[in-house]
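# Observations on chain architecture
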Amino acid sequence: MLRSHHLGQLTDNELNTEITLCGWADRVRAKGGVNFIVLRDRYAKLQLNVPQEIMEVESIGREYCIKIQGILNQRPEKDQKPEQNGAYELQVTSLEVLNKSDVPPFIVDDREEINEDLRLKYRYLDLRRDCMKDVVTFRTKLLNSVRSHLNSLDFLEVETPMLMKAMPEGARDFLVPSRNFPGEFYALPQSPQLYKQLIQVSGLDRYFQFARCFRDEDARGDRQMVHTQIDLEMSFVEEEDVFAVVEGFLNKIFVDAFDKNIDAPFMRLTYLECMKRFGIDKPDLRFDMELFDLDSIMESSPYSYFKETIDAGGRIAGFTVKGGAKELSRKEIDKFSDYVKAYRSKGVFWAKVVGDDFNGGISKNIPADQKANLLKLADAEDGDLIVFIADTHKVTNDSLGNLRNHIAKRMDIIPKGVYKFLWVTDFPMFEYDEDAGCYIAMHHLFSMPKEEHIKYFETGELEKMHGCLYDLVMNGVELGSGSIRIHTEEMQQKVFDIVGMSPEDQQERFGFFLEALKFGAPPHGGIALGVARLVMTLLGMDNMRDAITFPNASSTRYALDNSPSKLDQDTLDDLSLEVADKK
RNA sequence: GGACCUGUAGCUCAGUUGGUUAGAGUACCUGCCUGUCACGCAGGGUGUCGCGAGUUCGAGUCUCGUCAGGUCCGCCA
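Given the structure is predicted, the values throughout are model-derived calculations rather than measurements. (Residues numbered from 1 in each chain as written. Chains lettered and ligands numbered in written order. Predicted model: local features only at pLDDT ≥ 70, side-chain atom pairs only at ≥ 80, totals over all residues. Heavy atoms only, no water.)

### A closer look at the confidence of the model for chain A
The predicted structure's coordinates, where accompanied by low pLDDT, should not be read in detail. Taken residue by residue, chain A gives an average pLDDT of 94. The fraction at 70 or more is 99%. Two numbers describe this predicted complex: its pTM, 0.94, and its ipTM, 0.91. (pLDDT = per-residue confidence, 0-100.)

Structure follows, in structure tokens:
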């Protein structure tokens, strides 16, 4: 070892002894005659007192990697600082520069606001910052908590292949050309879905893995093309058994990391109830502002648009912004209409509550005999603002679900340090794809329909068919989703049929899987949770990139190595590939 | 594929109605300073105003295009 201690190991026991330390020069304060260097390593900082003779020999700049020998001293009483090692100071006897440093492109300091572009390009410097080291440390702790909890429940940690058969359903696959089989390709796993089911067929009845997943789709603030999931699958279980396991390891995370328990079991809402009350399948339950329906109130409005919306089978719904009439300017309220345009809405209707009447916006078109009913329905009083949308179910729900979050942020009513978990259950199995002219799976093709909905296969009422499908939501973030799976060949074929897959296609693409279901495949189910989303949400961050050591930019290019990159002709030839000009 | 926002010194940012030599803080360099701790003091500008056209007597500023980053829609079972 080049060092005798790291900076997290210094205690009164080390006082007045000679120690050797390694780290980086965080700051250099040369006073002329007396010189201080702040040494930083992964664990902490420590002030070095460097004699003038040494200072004159070695010139030390920011981020120089140095090795120092010296005596650990107590700092003079009046100079002691409250932070870690703030009472200590190393009286340096020798100093060696292990490696000098260019002037860094930004100062390694939590207080600096740095362009993210630059942070990603120099991620190794960004990671020297405390806030980033804390994330990496937290993530390690979190995964340890999960692993130890699942171990205690006899889960087996099993790896699955990183190169597998391409699956045209759902997200685009990342494809890997095969050198040995010209013209054929592997795909990187979007998830280990089929493998974890096969593990259940094999009788290894409790599986988990920290699985890397790859999807060739555009990135977002909460979505990366490469991500890690806590992936698990269990045999002979029902939904509640899966929920209990997840609630168990989440509680373990809270106990280990925050020293507190969480309220379990979590709240449960069916998908339909959730959409009715929040307009979105991942509601943030840290604040109220639940939706209410205004069909009966606006039906008789002189503004005929409302009646037309109802007749067309649409939805009129809204929510109350407590104190919104007082706090929000006309200009801000108008901006809400711009905000919901992204969700295809034509605009937001609004009315301020003044006394027991309405003012501004759509007020004049609220039927007089319905005003009292609306106040009651909206639970509104003087100074509140009512906002609502009238459109198709999809547009109304999308708009309100997102506007609710948007306004909550603006009104600053989201409490900090609060974690609200929710299971959303009974998602629909299928949705009709207008473009393709057929049904597609809303989640994936391997989820079991609700037993009481299996009859809809016969009646053809496929929109009504809900599955044993569930999402875990925390603070408005979808942490993960799972389902009880189909475990018989017959049922699996039925679902493949519905989405328009011919028997030949089924054999070609999933023959190996259908065959496995024939050998006594047990009932099973599971779930997968995104690790970065979990870290991000638990630490209250709003960008997933900050929760990942080496993320890619939202363009999906990596700032660090500038990948992807072109290949030379020999490599292409070896893989039997030709690059076509894209028009 | 689409909408919006951003791009000026190493970094964070200001820059008026188009008008002289483009600024501030910080970093950096030089010198001074024996208890600083985001040390201080004095001095120093280190710039392809993202890039390319255009309008104009004149463009950091206006127009068009383009590139990069961000947020969102589409997409993402």
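### Section: the sheet that holds strand S1 (residues 18–30)
Read around the closed barrel, 5 strands run S1-S2-S3-S5-S4, paired in mixed fashion. Going across the sheet, the axis of each strand differs from the next one's by a mean of 55°, ignoring polarity. Here strand S4 (residues 65–74) pairs with strand S5 (residues 88–99) via 10 bridges, running antiparallel. Paired with Gly-70 across the strands is Val-92, a residue of S5. (Pairing = 2+ DSSP bridges. Helix = DSSP H or I, 4+ residues; strand = E, 2+ residues; numbered from the N terminus. Axes fitted to C-alpha atoms, helices over the stretch in contact; angles between N-to-C directions.)

### Some points on unusual backbone geometry
The step from Ala-264 to Pro-265 runs through a cis peptide bond, and the omega angle for that step is -5°. Among the secondary structure elements, Pro-265 is positioned in the loop between helix H6 (239–258) and strand S11 (267–270). In this model, Ser-563 is joined to Pro-564 through a cis peptide bond whose omega is 10°. The residue Pro-564 is located in the loop between helix H17 (531–538) and helix H18 (569–574) in this model. Phi at Met-289 takes a positive value of approximately 55°, unusual for a residue other than glycine. Inspection of the secondary structure assignment puts Met-289 in the loop between helix H7 (271–278) and strand S12 (292–293). Note on Met-289: relative accessible area 10%, which makes it buried. (Buried < 20%, exposed > 50% of the residue type's maximum accessible area, 1.4 Å probe, protein only.)

### Here we look at the protein's contact with RNA strand B
In the neighbourhood of RNA strand B, 50 residues make up the surrounding shell, with Arg-75, Glu-89, Met-442, His-443 and His-444 lying closest. Within 4 Å of the protein, the contacting atoms of RNA strand B are drawn from sugar and phosphate to the extent of 57%. Side-chain polar atom of Lys-78 to a sugar or linking oxygen of RNA strand B: 2.9 Å apart, as the coordinates give it. A distance of 3.1 Å is found between a sugar or linking oxygen of RNA strand B and a backbone nitrogen or oxygen belonging to Ala-441. Breaking the surface near RNA strand B down by element, the ones donating at least two residues are S1, strand S2 (34–40), strand S3 (45–51) and helix H2 (116–121). Counted by class, the surface near RNA strand B contains 15 nonpolar, 14 polar and 21 charged residues. (Near = heavy atom within 4 Å. Polar contact = N/O pair within 3.5 Å; in protein donor to acceptor, adjacent residues only side chain to side chain. Nonpolar A, V, L, I, M, F, W, Y, C, P; charged D, E, K, R; others polar.)

### Section: a negative patch on the surface
Taken together, the side chains of Asp-568, Asp-570, Asp-573, Asp-574 and Glu-578 define an acidic patch exposed on the protein surface. Residue class for Glu-578 comes out exposed when judged on its relative accessible area of 80%. (Patch = residues over 30% accessible without salt bridge, like charges linked within 9 Å, V, L, I, M, F, W, Y side chains within 5 Å. Areas by Shrake-Rupley, 256 points an atom, 1.4 Å probe, with all protein chains shown as cover. Salt bridge = Lys/Arg side-chain N within 4 Å of Asp/Glu carboxyl O. Lys, Arg positive; Asp, Glu negative; His and termini not counted. Charge placed at Lys NZ, Arg CZ, Asp CG, Glu CD.)

### A closer look at the packing of aromatic side chains
Evaluation of the coordinates by the stated rule reveals 27 aromatic pairs. Between Tyr-305 and Phe-349, the aromatic rings sit 6.1 Å apart at their centres with planes inclined by 50°, giving tilted as the arrangement. One end of the pair, Tyr-305, is in helix H9 (residues 305–311); the other, Phe-349, is in strand S14 (residues 349–354), and 44 residues separate them in sequence. Here Phe-349 falls in the buried class, since its relative accessible area comes to 16%. Seen from their ring centres, Tyr-432 and Tyr-439 are 5.1 Å apart, and the 75° between their planes marks the pair as edge-to-face. Among the residues examined, Tyr-432 registers a relative accessible area of 41% and is labelled partly exposed. (Phe/Tyr/Trp six-rings, centres within 6.5 Å; stacked < 30°, edge-to-face > 60°.)

### Quick notes on the pairing of strand S22 (residues 524–530)
Counting buried residues along S22, 7 of its 7 residues qualify, which places the element largely inside the surrounding structure. Pairing geometry for strand S10 (residues 226–235) and S22, over 7 bridges, is antiparallel. Note that in S22 the partner of Ile-230 across the bridge is Leu-529. Of the pairings in the sheet, the one linking strand S21 (residues 477–484) to S22 comprises 5 bridges and is antiparallel in character. Counterpart to Gly-482 in the pairing with S22 is Ile-527.

### Quick word on the pattern of salt bridges
Counting across every chain of the model gives 44 salt bridges. For the salt bridge of Lys-341 with Asp-338, the shortest nitrogen-to-oxygen distance reads 3.4 Å. With Lys-341 and Asp-338 both in helix H11 (residues 330–341), this residue pair falls 3 residues apart, about one helical turn. For Lys-341, a relative accessible area of 48% corresponds to the partly exposed category. The exposure class of Asp-338 is partly exposed, given its relative accessible area of 47%. Across the pair Asp-505 and Arg-509 runs a salt bridge, and its minimum N-O distance is 3.8 Å. Here Asp-505 and its partner Arg-509 are both found in helix H16 (residues 503–517), 4 residues apart, which amounts to about one turn of the helix. Three or more residues joined by partner-sharing salt bridges are found here, namely Asp-26, Arg-27, Arg-40, Lys-45, Glu-63, Asp-109, Arg-111 and Arg-128.

### Here we look at the sheet that holds strand S17 (residues 421–425)
In any sheet, the strands associate via hydrogen bonds between backbone groups, in a parallel or an antiparallel arrangement. Pairing in this open sheet of 8 strands is mixed, and the strands run S6-S9-S10-S22-S21-S20-S17-S11 from one edge to the other. At either margin of the open sheet sits one strand with a lone partner, and together these are strand S6 (156–157) and S11. In this structure, strand S9 (residues 206–214) lies alongside S10, joined through 9 bridges in antiparallel fashion. What sits directly across from Arg-206, in S10, is Met-234. Along the sheet, helix H4 (residues 130–152) makes contact with S6, S9 and S10, crossing S9 at roughly 150°. H7 rests against S11 and S17 of the sheet, and its axis sits at about 90° to S11. (Contact = heavy atoms within 4.5 Å.)

### Quick look at the domain arrangement of chain A
With domains assigned, chain A is organised as domain 1 (12–99) and domain 2 (287–414). For domain 1 and domain 2, the distance between their C-alpha centroids amounts to 62 Å. (Domains from an automatic or database assignment.)

### Focus on the side chain of His-149
Note on placement: His-149 falls in helix H4. Its relative accessible area of 17% is what places His-149 among the buried residues. Setting aside residues up to four positions removed in sequence, His-149 forms contacts with Val-245, Gly-248, Phe-249 and Lys-252.

### Regarding H11
A rise of 1.5 Å per residue sets the reference length of H11, with its 12 residues, at 16 Å; its end C-alpha atoms lie 18 Å apart and thus fit the reference within 8%. Residues of H11 that are buried include every one of Ile-333, Phe-336, Ser-337 and Val-340, and no others. Summarising the axial view, the buried residues of H11 lie within an arc of 100°, below the 170-degree limit, and thus occupy one face. Opposite the packed face of H11, turned more than 90 degrees from it, sit the exposed residues Lys-331 and Lys-335. Check the buried side of H11 and you find it contacts S14, strand S16 (385–391) and helix H13 (393–411). (Expected span 1.5 Å × (residues − 1). Arc of directions from axis to C-beta.)

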